[in-house]
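These are the residues of each chain, in order.
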Amino acid sequence: RIFSFRIMLYMIGLGLNDEKDISIKGLEAVKKSDLVYFENYTSKLQCSTEKLEKFYGKKIIIANRDLVEKNNEILENALKKKVAFLVIGDVFSASTHIDLYLRAIKKKIKVEVIYGSSILSAIGITGLSLYKFGKTTSIPFENQNIKTSIEAYETNKKNPLHTLFLLDLDPINNKY
């Protein structure tokens, strides 16, 4: 069965540091996009939105969690225009982006994923082998009754594997 896909959604990993970490392929996709959304709630980039706009030559629309997860604006626009969705790190490091990808496919929107470096690859700077990392886990701000992080650590320690803890952040309230 052949699917007829509509227009385009580019999902682009920006890397970890600043506006210049984007790949050439990612930058080309941004430049040919009609709308550019920047997801700003799963990580923090070391530059301002204004620097992104100047370097990319495009107006940036900030995409908070509600816009990405609950609002259909990004996908509705991708049915009519070329849309870039910028993610700090790599596109699929967060489940929220996988959800957006799956919803786009369901709406028969053509999606091109352009990968970027992520904390999962950058952790190699520690000198620890990536092959010796076990389950990665998050520590949320509200963590009094959270068992998952401790269980992941204990399982990794038993196996013996390294554990990468991802710490919660709230960029809107400048809380890290």
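Structure shown above.
Residues numbered from 1 in each chain as written. Predicted model: local features only at pLDDT ≥ 70, side-chain atom pairs only at ≥ 80, totals over all residues. Heavy atoms only, no water.

Quick notes on the side chain of Thr 137
Move 1: Looking at the element boundaries, Thr 137 is found in strand 6 (residues 137–139).
Move 2: By relative accessible area, Thr 137 is classed as buried at 5%.
Move 3: Beyond its immediate chain neighbours, meaning those up to four positions away, Thr 137 contacts Thr 148, Ser 149, Ala 152, Thr 163, Leu 164, Phe 165 and Leu 166. (Helix = DSSP H or I, 4+ residues; strand = E, 2+ residues; numbered from the N terminus. Buried < 20%, exposed > 50% of the residue type's maximum accessible area, 1.4 Å probe, protein only. Contact = heavy atoms within 4.5 Å.)

Considerations on the packing of aromatic side chains
Move 1: Inspection of every chain in the model, using the stated rule, returns 4 aromatic pairs.
Move 2: One Lys or Arg, Lys 175, reaches over the ring of Phe 141 and ends 4.4 Å from the middle of that ring. (Phe/Tyr/Trp six-rings, centres within 6.5 Å; stacked < 30°, edge-to-face > 60°. Lys NZ or Arg CZ within 6 Å of the ring centre and 35° of its normal.)

Digging into the pattern of salt bridges
Any two side chains of opposite charge can pair, so long as their charged atoms come close to each other.
Move 1: Scanning all chains against the criterion turns up 6 salt bridges.
Move 2: A salt bridge links Lys 70 to Asp 66; the nearest nitrogen and oxygen atoms lie 3.5 Å apart.
Move 3: Relative accessible area serves as the criterion here: at 64%, Lys 70 is assigned to the exposed category.
Move 4: Here Asp 66 falls in the partly exposed class, since its relative accessible area comes to 42%. (Salt bridge = Lys/Arg side-chain N within 4 Å of Asp/Glu carboxyl O.)

Section: the sheet that holds strand 3 (residues 61–63)
Move 1: Taken together, the 5 strands give an open sheet; going across it, the order is 3-2-4-1-5, and neighbouring strands pair in parallel fashion. One side of each edge strand has no neighbouring strand; the edge strands of this open sheet are strand 3 and strand 5 (109–114). In this sheet, adjacent strand axes meet at a mean angle of 25° when their direction is disregarded.
Move 2: As defined by bridge partners, strand 2 (residues 35–39) adjoins strand 4 (residues 82–87) across 4 bridges and the pair is classed as parallel. In the sheet register, Tyr 37 faces strand 4, and the bridge partner there is Phe 85. (Pairing = 2+ DSSP bridges. Axes fitted to C-alpha atoms, helices over the stretch in contact; angles between N-to-C directions.)

A look at the nonpolar core
Move 1: Leu 9, Tyr 37, Ile 74 and Phe 85 are the most contacted members of the largest nonpolar core, which totals 20 residues.
Move 2: Secondary structure elements with two or more residues in this core: strand 1 (6–13), strand 2, helix 3 (65–69), helix 4 (73–78), strand 4, helix 5 (95–106) and strand 5.
Move 3: Other than its neighbours up to four places away in sequence, Leu 9 contacts Ile 74, Leu 75, Ala 78, Val 83, Phe 85, Ala 104, Ile 109, Lys 110, Val 111 and Glu 112.
Move 4: Residues Met 8, Tyr 10, Leu 14 and Leu 45 belong to the second largest nonpolar core, which totals 18 residues. (Core = buried A, V, L, I, M, F, W, Y, C linked by side-chain atoms within 4.5 Å.)

Digging into helix 2 (residues 49–56)
Move 1: Within helix 2 the residues assigned to the buried category are Thr 49, Leu 52 and Tyr 56. The arc that holds the buried residues of helix 2, viewed along the axis, is 55°, so those residues lie on one side. Opposite the buried face of helix 2, at more than 90 degrees from it, the exposed residues are Glu 50 and Lys 54.
Move 2: Buried positions along helix 2 lie against helix 1 (24–31), strand 2, strand 3 and strand 4.
Move 3: The first or second residue beyond helix 2 is Gly 57, which carries a positive phi of 70°. (Arc of directions from axis to C-beta.)

Description of the layout of surface pockets
Over the atoms rolls a probe the size of a water molecule, and its path tells where empty space is left.
Move 1: Put simply, the largest pocket is a space of about 970 Å³.
Move 2: Lining of the largest pocket is provided by 31 residues; of these, Thr 42, Ser 138, Leu 166, Leu 167 and Leu 169 occupy positions nearest its centre.
Move 3: Breaking the lining of the largest pocket down by element, the ones donating at least two residues are helix 3, helix 5, helix 6 (119–122), strand 6 and strand 7 (165–167).
Move 4: Taken as a whole, the second largest pocket encloses approximately 160 Å³ of empty space. (1 Å grid on protein atoms, 1.4 Å probe; cavity = no way out; pocket = protein on both sides within 12 Å on 5 of 7 lines; lining within 4 Å. Points joined across faces, edges and corners; volume = space filled by probe spheres on them.)

Considerations on unusual backbone geometry
Move 1: The backbone of Lys 108 shows a phi angle near 60°, a positive value even though the residue is not glycine.
Move 2: Mapped onto the elements of the fold, Lys 108 is located in the loop between helix 5 and strand 5.
Move 3: For Asn 174, which is not glycine, the phi torsion reads 55° and is therefore positive.
Move 4: Position of Asn 174 among the secondary structure elements: in the segment after strand 7.
Move 5: Residue Asn 174 is classed as exposed on the basis of its relative accessible area of 57%.

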